[in-house]
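What the coordinates show
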Amino acid sequence: MKIDYKIEPPVVEGRLSLSQIEELVAKPLETRPDKKFFIAIGISGTALLIGIICVAITLHYGIGMWGNNQPVGWGFGIVNFVFWVGIGHAGTLISAILFLLRQKWRTGIARFAEAMTIFAVICAGLFPILHTGRPWLGGYLFPYPNQHGLWINFTSPLIWDVFAVSTYFTVSLVFWYIGLIPDFASLRERTASKVKKIIYSIFSLGWRHSNRNWLHYEKAYLLLAGFATPLVLSVHTIVSFDFAVSIMPGWHTTIFPPYFVAGAIFSGFAMVVTVLIFVRKIFNLEHIITLNHFDKMNKVIMATGMMVGYAYAMEFFIAWYSGNPFEQFVIINRAFGPYAWAYWIMVTCNVVFPQLFWIKKFRRSIPVMLAIAILVNVGMWFERFVITVTSLHRDYLPSSWGYFTPTLYDIGILVGSFGLFFTLVILFTKTLPVVSISEVKAVAGGAQPSHHGGNH
Amino acid sequence: MNNRKKEKAELSENNNLQPHYWRSLAELHNDPNFKEASRHEFLEGVTNDFHPSQLPSFSRRKFLALLGASAALAAAGCSDYHDKGEIVPYTSKPEEILPGKANYYASSARDGSGILIKTREGRPIKVDGNSDHPVNRGKVSAQVQADILNLYDSSRIKNPLKRRAGNAFTETSWKDVDNEIIKELSNAGGKEIAIITKRIISPATKKVLDGFAQKYPGSKVYSYELFSNVIRNKAWQKCYSSSQYPLIKWDEAKIIISLDADFLGTDGDRIENSRLFAIGRDVKNLNKFNRLYTIEGNMSITGMNSDYRIRLRPDAQLELIMGIINELGYGANSVKLNDVIRKYSLPGKTISLLLDDVRKNKGKAIFYAGRTLPESIHIAVNYLNEKIGAVYLYRTDAANVELIPLSDDSDWQQLIDKMNNSRVAATIHFDSNPVYHLPKDLGYENALLKVSTVISLTETENESSVKANYTLPINHPFEAWGDVKIRTGFYSLQQPVIAPIFNTRQKEAVLLTWLSGNPDSYNDSLYHQYLRNHWQNEIYPTISSVLDFKQFWYGALHDGIVLSKDKPIQHGSINSDILKSKQPEETSTDRFIISLRESYNVGDGQFAGNGWLQELPHPVSKITWDNYAALSAVSAERIGVKNDDLIEINIDGRKLELPIFIQPGAADDTITIELGFGRKSAGVVGTEVGFNANVLLSKNDGISKWIYSASSVQKVKGRYNLVTAQEHHAFDNELLKDIAQNRGIIREGTVEQYKKNPRFLHEKEKHELHSFYTTFEYTGVKWGMAIDLNKCLGCGDCIIACGSENNIPVVGKDQVAKGREMHWLRIDRYYSGSPEEPVVSNQPMLCQHCDQAPCENVCPVTATTHSPDGLNQMVYNRCVGTRYCSNNCPYKVRRFNFFNFRDHFKSGYQEDSLFSLIYNPEVTVRSRGVMEKCTFCIQRIAEARQEAINENRSLKGSDVKTACQDACPTNAIVFGDMNDKESELTKFRNHELGYYLLEETNSRPNVTYIAKLRNTHPEKA
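Attention in this report is confined to the structure presented alongside it. All figures in this text were calculated on a predicted structure; none of them were measured in a lab.

Conventions we followed
Residues numbered from 1 in each chain as written. Chains lettered and ligands numbered in written order. Predicted model: local features only at pLDDT ≥ 70, side-chain atom pairs only at ≥ 80, totals over all residues. Helix = DSSP H or I, 4+ residues; strand = E, 2+ residues; numbered from the N terminus. Rg over C-alpha atoms; globule rule 2.2 N^0.38 Å. Buried ≥ 20, exposed ≤ 12 C-beta atoms within 10 Å, placed from the backbone. Contact = placed C-beta atoms within 7 Å. Pairing = 2+ DSSP bridges. Axes fitted to C-alpha atoms, helices over the stretch in contact; angles between N-to-C directions. Expected span 1.5 Å × (residues − 1). Arc of directions from axis to C-beta. Core = buried A, V, L, I, M, F, W, Y, C linked by C-beta atoms within 7 Å. Nonpolar A, V, L, I, M, F, W, Y, C, P; charged D, E, K, R; others polar.

The number of helices and strands found in chain A is 16 helices and zero strands. Relative to a compact globule of 456 residues, whose C-alpha radius of gyration would be 23 Å, chain A shows 23 Å and is just as compact. Seen through its C-alpha atoms, chain A measures out along the principal axes to roughly 75 × 55 × 40 Å. Counting only residues that meet the buried cut, chain A has 50% of its 456 residues in that class. Taking the intrachain contacts of chain A between residues at least 6 apart in sequence as the baseline, contacts between residues at least 24 apart amount to 82%.

Below, the discussion takes up the sheet that holds strand β9 (residues 291-296) of chain B. Residue and element names in this part refer to chain B. Read from one edge of the open sheet, four strands run β10-β9-β8-β11, paired in parallel fashion. Because the sheet does not close on itself, it has two edges, and the strands there are β10 (308-311) and β11 (365-369). Averaged over neighbouring strand pairs, the angle between their axes works out to 10° when direction is ignored. Taken together, the five bridges between strand β8 (residues 255-259) and β9 define a ladder with parallel strand orientation. Bridge pairing in β9 links L259 to I295. Relative to β11, helix α14 (residues 375-387) is tilted by about 170°, and along the sheet it contacts β8 and β11.

Turning our eyes to something else, we now look at helix α15 (residues 409-420) of chain B. Residues and elements named next belong to chain B. Spanning twelve residues, α15 covers 17 Å between terminal C-alpha atoms, matching the ideal 16 Å at 1.5 Å per step. All of the buried residues along α15 are L415, I416 and M419. Within α15, the buried residues cover an arc of 95° as seen down the axis, which keeps them to one side. Taken together, the buried residues of α15 touch β6 (192-198), β7 (219-224), β12 (424-430) and α17 (444-448). Taken from the residues just after α15, S422 is the one with a positive phi, measuring 55°.

Here the focus is helix α19 (residues 526-539) of chain B. All names here are of chain B. In this model, α19 (14 residues) spans 19 Å end to end at C-alpha, consistent with the 20 Å of a helix rising 1.5 Å per residue. Residues of α19 that are buried: Y527, L531, H534 and W535. In an axial view of α19, the angular spread of the buried residues amounts to 95°, which keeps them on one side of the axis. Of the exposed residues in α19, those oriented more than 90 degrees away from the buried face are N533 and N537. Looking at the buried side of α19, the elements it contacts are α7 (203-215), β15 (482-484), α18 (507-516) and α20 (549-559).

Before going further, it helps to examine the nonpolar core. Residues M116 and V272 of chain A together with L259, I321, A380, I594 and A629 of chain B are the most contacted members of the largest nonpolar core, which totals 352 residues. For this core, the element with the highest residue contribution is helix α9 (residues 256-282) of chain A, accounting for 16 residues. For M116 of chain A, the contacting residues outside a window of four places in its chain are I87, G91, M271, V272, V275 and V425 of chain A. Core analysis: the second largest hydrophobic core is formed by 46 residues, F212, W481, A509 and L531 of chain B among them.

With 41 residues of chain A at the contact, the number on the chain B side is 45 residues. Looking at the side of chain A that touches chain B, the elements with two or more residues in it are α6 (157-190) and α11 (325-336) of chain A. Class assignment for the residues of the side of chain A that touches chain B results in 23 nonpolar, 16 polar and two charged.

It is worth spelling out unusual backbone geometry at this point. The omega angle of the peptide bond from Q70 of chain A to P71 of chain A is 10°, so this bond is cis rather than trans. Within the secondary structure, P71 of chain A sits in the loop between α2 (35-61) and α3 (76-87). The residue E121 of chain B is not glycine, and still its phi comes out positive at about 45°. Overall, the presence of 14 C-beta atoms within 10 Å leaves E121 of chain B in the partly exposed class. Even without glycine at this site, S241 of chain B takes up a positive phi of about 55°. Structurally, S241 of chain B is set in the loop between α8 (230-240) and β8.

Printed below as a string of C-alpha cells:
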C-alpha cells in the first residue's frame, strides 16, 4: 500500500469503461429491492416511528414532556437542530467549494453528500418548529403583511436563522437537482418501464446531451456553486449567532462563527464517511468511491477536528484573558462541573481520536475510520449539548441554577431524527443515482482528451 | 361601412376641441343608457344592503357569503366552547356593584387578623390587610391571603354526610341530620357531650357555646392549639402572678436576644412583630438601628435576619442563660458562663459582645425565649429581663386576650377516660381535627370508637371527620359572620362576602339549631341575627358610641373593627425568689434533641390542602411540598446519612421515618421537624404531602411539649426526593464559596462602615457602560421599584400576594423538581461563610424591567416589548414560545408554561369550574407554550391611569401599589415614578446604598436594591 502523493491517483479505479460506470451506478435503480434493503428500512422506519410518537405526545401535552426547565430553556431540540444543520454542511462544501477548487475527486462523493445535506437540513428544520411552545403559530416567524400591523423582530438571530436555513435548503435542493438532470436523462434512456420513463422524462427537462445543453448546464452549475459557497459559511455562522448574540457567558463569544463552521464541516464529513462506507460496500462502488476518497476526507476530518480543538483551547484562554468572572466560571464549570462528563466526551471524541488520522494506515483502514467517524459524530452532538446546556444551567444568579435531565421523549425524538435521516437516505439509494454518472464519466480514464493520451 | 366613416368624421371633429377619451364603444357611440350609468360611481345594486338571500343563486358574493358562514358554523360546531347560558343583566342592580369595579369589604380572617376582601362582580378574589386593624395594620400573612384558595377548593364537602352501614358516607339533608342529632343530644342523659375546638377568638361563638352548655348540661368545651403560648404564659404566671405574657415593644428595643424564638416567623404575631422590628432597620434612621442576637437550634427566619447568630441545641439554652445571669452579676446559682461556652464550644467573643451590649443598653435590651422552650428557661428569661430593665419594653397599651383558656393535659386525660368508659354520649369536632393534632399516646382515636355519636363540623374532609358518624360542612370564613377579640382595645368583625357556595352552614348556626331543639328553626340569617343581638345587647352598651345601634353596626361592619375601652394592663412585680435553688439539669449531649416547630407555610396542617402554600418555598431551605428532618452536617455524619436519606426517629417507642436535610447553621445533635404535614385526609392537594411528625408528640412532656430527647435516630433504607425551588451548592467548593458576594449580587456592609463612609458601596465602581443603541427618553411617568434588603425578612408573603393577584398556577412537586415553578417573584437566599456558621442574605427577585432588556431584542416575533413608561411587557398572544428571552435573561425571572399547568397538576384540579372564580379578571390566564413574568402589576397601573383620566389629572407614581408591595409586612418594597424627583422611590433610587444587579451586563434595571447593613461591632466577632 505504498502511495506516491506526488502523482495524483486516478479518481476512478479499476479501469472502468464509461458504460460500466453507468451500469454500476444505475443498477440499484433497476433491480428490485432485496432483503437487506427491507431490513435497513425496517430499522430506520422503526426509529422514525418512535420519533413520530414522541413528537405527537409532545404536541399534545406540551414541551413539558421534555427535560427543558428554568434556567435551561433550550435542550435537545436546539442541540439536535444545530447538530443536523452541521451534518448538512459537508454536502455543499464538497459539491460547491471543491467544485470551484477543481477537486476532481469530489465527483464520486458529491451526489451522495448533497443528498445528505438535503436530508439533514430537513431533519434540522423540524426542530425549531417543534421546540417552540406553540408550534401552530410558527407562521409568526415569517414577515407577512397583516392587518394587525405586526412585524417580526429583525434584531433577533432566530429570524436570521429562519432565512439562513430556508435559503440554504432551497439552494442546496436546486443545486442538487441541476446536477441530477443529465443523470435523469441517462436513466430515461436506459429504463424499459413506462412509468419510470415518464417520471425521468419530466425530471430531465428535455435533456438531449447536446452541446448546448452541456454548455448551459456547466454555466448554471458553476454559477450555483458560486452562489452556494458563501452559504456554506453563512448558515452555520448565523446558527452560531443564536448563541453568540446573547449575553449569556459561554455563548457570548466572537469565536463562534468560524468555530461553528469548522465543527459543521467536521461533523458533516464524518457523517459522509460513515454512510459512504456502507453504500460503497453494498452497491459495489469500490472503484468509484475509492480509498483515496476516504483518505482525503479523513484528512479534512483531522484538519477541522484540530480547528475545533483550537477553539476549545481558545475558549479557556479568552475566558482567562478577558478577566470576566462569569465567563471564567462557565468554562471551568463546563470542564469540572456537573456536566464534566459531557465535556470530556466531547474533547475525547473531537480532538483526541481524530489524531489517529496522522497515520496513513488508519486513514485508509475502513474499520478504523468508521469507528472514528462515529465517535466524531457523537462528539459533535455533545459539543452542541455542552454549548447549549452547560452555559445555561449555571449562569449569572446562583439562585436560579438548575440541572437539565433529558426525558425519554427527548431521546425518542433524537432517535426519530436519525430514523428520518436514514429512511430518506435508504430511499434515496433506491430511487436516484447515488453517484453522479455524468460527472464521474467526465473524470474517468480516457474521458477527456489529453496530449499524453489516455489515462494521464 | 357608412358607420365607420361617420365615426371617423366625428373623431376628427372632436379632435379640434379637446382630446376625447372613451371608455367603451358604447360611450363612444354616446349611448344614453351609458351616459346615465356613468354618472353613478358604483354599479347598480352594489351599494344596496347586503342580503345573501337576495343575491342571484351563483353570484360570487353569495358563494363567498355561504363559504364564510359554513366555515364559521363548522368552526363553532367543532370548537370546545362551553355554552354558559344566557347572560342576564340585573333586573334591579345592587347599588354597590359596578361591573368592572372591585368592591372591598372589611372582615376578619381565621387567625383574627383584619382583612379587606376584594370582590369583583360578587366573587371574592383577593385578600389584603385592613389598614385600620391595630395589630396587622394593612398587612396579612401568606396563610390569610391564600385562604381564598380554600374558599374555592373543590375538595370542600358539599352536603351533610352521614355514615351508613359499611362505613361509607352518604349525602343527606340538613333537616334529617339535625333531627337525628337533636334526638341523640337530648338522650345524652348524664353522659357528657364533648365539644372539641381550637382556640376560640370570637365572643359570640363563646356565647353560643355557653348557651349550648345551658341547654345540654352535660356538654363541655375542650380547646387546643397545636402550638400555643401555654408554657410562656405559665412561666409568666409563676413570675408575675398575672395571666398573660405581655406584648413586646420591638420597635424600641436596641438589643434583642432571641433564644430559639422565631418571633419574625411562627412565634407570636409575625406581621406585627416584623413591622415593629423593621422600624429598627431603617437606613434613613441609623440611630434607631437595633441589633439582633439569635441563639437557636435551627436556622429560622429570625436567625437569617440576625446580626449575630449562635448555634445551640434548645435544651442547653437554659445553661447558657443561667451562665449569662451569673456573669451579669444577678447570680442565682453556680453555673459558670465559661464552662457553658467551653462545653458547647460557643463563640466566646460573640457572647462577650452580647454581654457588653446588654450592660450598655439597660432598659433597651431584651431576651426573648421561644414558645417551645421549657418553662424553666422562660422563668430564667423573665427574671433576667426584670434585672436588665427590659420591663420597659413590655407593652402596657395592649395585651392578648384569651376568651376560653386552652384545656390542659389533665382535662384531656379526663376526657379520654370518660370516652373509654363510655361516659361520653357525643363528641362534636367544632372545626377542629383532634385525631391529627392530639398526641397519639393520648389514645384519642381509639377512645373515639367508644363514643356512639361523633360529629365533625368541617370545611374539608380531615382525619377526624373520617372517623365521625356525621360530617357536616361549614362555611368558609369568607362566607361567615362573626366577631373577634384577640387583643384588648378593640373588637373586629367578620362578614360574609359571598353566599355559601355549597350546602354549608355557619358552624355557630348549626349549634344554635341544635340548642333550639327544632331543626326548622334554622334559617340563613340565624347567626347573623344572633351576632347582631349579641352586639346590641352586650357589646354596644360597653362602647360609649354616640350613634344609634343600627348606624353603629353598619359603621362597624364597614370598618371591620370597633375600638373599645379595656382595663389598663398591669404586669405586677416579679417574685424575685423565683430562680432560687434552680439548678439546670445536666444536658446529656449524647442523645439527639428533636425540636418540633410549626410549619411556616401550612400552619398546624389546616392549610395542607392549599396548593399555593404547599408550593411556597420554605423561607430558609426553599423546600416545597414537604417537611423534613433538618440537621447539621456533623449530625448527618454522625448518623451516616446524606441529603434525602431516610432516618427513623424513635422517642420512647414513638417512631417516624422521614428524609433528612442538611441545614447550614443547624446546631449539632439537634433535629428540627416542622409539623402540619403528612395529612392522611386533606383533599386532592394536601393528602399524603410530607410526613406526619405529630406522631412524635406525647401527652407526657419531654424537655417541653415540643422538644424531646430521642431514644434513637438511625438511618433506614431508602431515599426520598425533597424538592427545592433553589439549588443547593457545596460550601467547600472554592468556585462556589461566597459566590453571590463575589459576583456583586449581594452587596452588604455594616452600620459602622456606612456611618464612616456613606458611599462605601460604590467605592470600587468601574467606568460607565455605553450602549450601542440610542437611549430612549422617558418623558412621562417611568415606573421603578426599590427593595430595601434591610427590611426584607424573606417571609414570602409577597409571593402569595403576587400569585393571587396575577393568577399564577400551582404546578406541583414534580414540576418544581424539574425547575418549572411559576412564581413571578421569588426570594433568593444566599449563604456565605462556613456551613456551620453561615451568614444568610435574602433577595427578592422579580423582573427588573431593564431599560435595555436582553430579552427584548432576541424575541423573533416581538412578543416582548418596552412601554413608554418603562415597563418590560409580555404580549402573550404573540408569543410563540421559543424561550430565547428566558435564556437571555441574566436574572432568570421569566417563567414558561411548559404545560397547561392548570390541566397538568393533579388531573386538572385547577380547571374545576369552581376554581375559575378565583381568577383576577384583569389578568389574562396564561395557557401552555407561553412565556410570562412579572408585569409590575400592569393591571393596577392601568386602573390608576383610568382613574386619573376620569378625574382629569395626571397619573402619579404614588397612585399605584403593586401586590407584593401591598403585602410586604415591613414595607421593604417601594414602587413609583422615578421621573418624579420628590417621590419616595427616587429617594431610594438615588440612595448611597442603592445598587443594581448585574450592572455589568448593561441591562440597566429599574429595580434598585438597598444594600443590607449588618449592625455588627466594628471588629467582627
